[in-house]
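Residue-level listing of the chains:
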Amino acid sequence: MAKHEKQQDAIWALRKVLSRPNYAVMDILLQKSPRTTKELYSILEKKFTRKTLIITLRELSLDLNVIQPTHIRTTNGYGLGYRLNPKMKDIIKSVQKFSRIIENAREA
């Protein structure tokens with residue numbers, strides 16, 4: 001097995017989607033969707049590097065189909081933006097619910 005190849009288990013896709021930068025982008029798009037690439041960068045620039053955000057957007061859109069590219073009307077015409085895949089909204093809300101359940105179980 002090559003160094004960059006990892007063993008995939010039953011929840012590898014969930015684990016990949018829930019990485020810090022991936023989840024940050026999804027959380028922003030859950031609040032308001034679609035958003036331009038520039039908006040996403042400006043909101044997350046303090047938390048992540050530009051390179052990380054570029055990789056994150058590519059991974060979420062091309063590899064995982066979690067976010068979908070779309071054209072957004074701007075003052076200068078149209079720009080590139082992203083919207084959350086409708087199927088993913090329920091999954092993200094469920095993950096947030098499960099996280100609260102785990103937190104409450106830990107405190108009990």
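Residues numbered from 1 in each chain as written. Predicted model: local features only at pLDDT ≥ 70, side-chain atom pairs only at ≥ 80, totals over all residues. Heavy atoms only, no water.

### Comments concerning the pairing of strand β3 (residues 77–84)
Convention followed: At least two bridges found by DSSP between two strands is the condition for calling them paired. Runs of H or I in DSSP of at least four residues are treated as helices and runs of E of at least two as strands, each being numbered from the N terminus.
Relative to β3, strand β1 (residues 35–36) runs antiparallel, the two being bridged by 2 bridges. Each residue of the ladder has a partner; that of threonine 36, found in β3, is glycine 81. Bridging between strand β2 (residues 67–74) and β3 involves 8 bridges; their strand directions are antiparallel. Within β3, the position partnered with isoleucine 72 by the bridge is glycine 79. Taking the residues that link successive antiparallel strands as the turn, the β2-β3 hairpin has 2 residues.

### Considering a nonpolar patch on the surface
For clarity, the cut-off: Residues qualify for a patch when their relative accessible area is over 30% and they have no salt bridge, like charges being joined within 9 Å and the nonpolar side chains of Val, Leu, Ile, Met, Phe, Trp and Tyr within 5 Å. The Shrake-Rupley method, run with a 1.4 Å probe sphere, supplies the accessible areas, and residue values consider only the shown protein chains as cover. Counted as salt bridges are all cases of a side-chain nitrogen of Lys or Arg within 4 Å of a carboxyl oxygen of Asp or Glu.
A cluster of nonpolar side chains, namely Ile11, Leu14 and Leu18, defines an oily patch on the protein surface of about 230 Å² accessible area. Mapped onto the elements of the fold, leucine 14 is located in helix α1 (residues 12–17).

### Some details on the environment of aspartate 9
Worth spelling out the cut-off: Throughout, exposure labels follow a simple rule: accessible area from a 1.4 Å probe, protein chains only, divided by the maximum for the residue type, with under 20% read as buried, over 50% as exposed, and the rest as partly exposed. A 3.5 Å cut-off defines polar contacts: any pair of N or O atoms within that distance qualifies, except that in protein one atom must be a possible hydrogen donor and the other a possible acceptor, and neighbouring residues in sequence count only when both atoms are side-chain atoms.
Within the secondary structure, aspartate 9 sits in the segment before α1. Aspartate 9 gets classed as partly exposed once you look at its relative accessible area, which sits at 37%. Considered as a pair, aspartate 9 and lysine 32 are 23 residues apart in the sequence and their alpha carbons are 32 Å apart. Within polar-contact distance, the side chain of aspartate 9 engages the side chain of arginine 15 at 2.9 Å.

### Thoughts on the pattern of salt bridges
Under the definition given, this model contains 5 salt bridges. Among the ionic pairs, glutamate 59 bridges to lysine 16, the shortest N-O distance being 3.3 Å. Of this pair, glutamate 59 sits in helix α4 (residues 50–63) while lysine 16 is found in helix α1, placing the two residues 43 residues apart along the sequence. Residue classification places glutamate 59 among the buried positions, given a relative accessible area of 15%. Classification of lysine 16 by relative accessible area gives partly exposed; the value is 33%. Across the salt bridge formed by glutamate 103 and arginine 106, the nearest N and O atoms sit 2.9 Å from each other. Here arginine 106 and glutamate 103 lie together in helix α5 (residues 86–107), a separation of 3 residues that amounts to about one turn.

### Quick notes on the nonpolar core
Formally: We call a set of buried Ala, Val, Leu, Ile, Met, Phe, Trp, Tyr and Cys residues a nonpolar core when their side-chain atoms join them within 4.5 Å.
In terms of nonpolar packing, the biggest core is built from 20 residues, with Val66, Ile67 and Leu84 touching the most fellow members. Elements represented by at least two residues in this core include exactly α2 (20–31), α3 (37–44), α4, β3 and α5.

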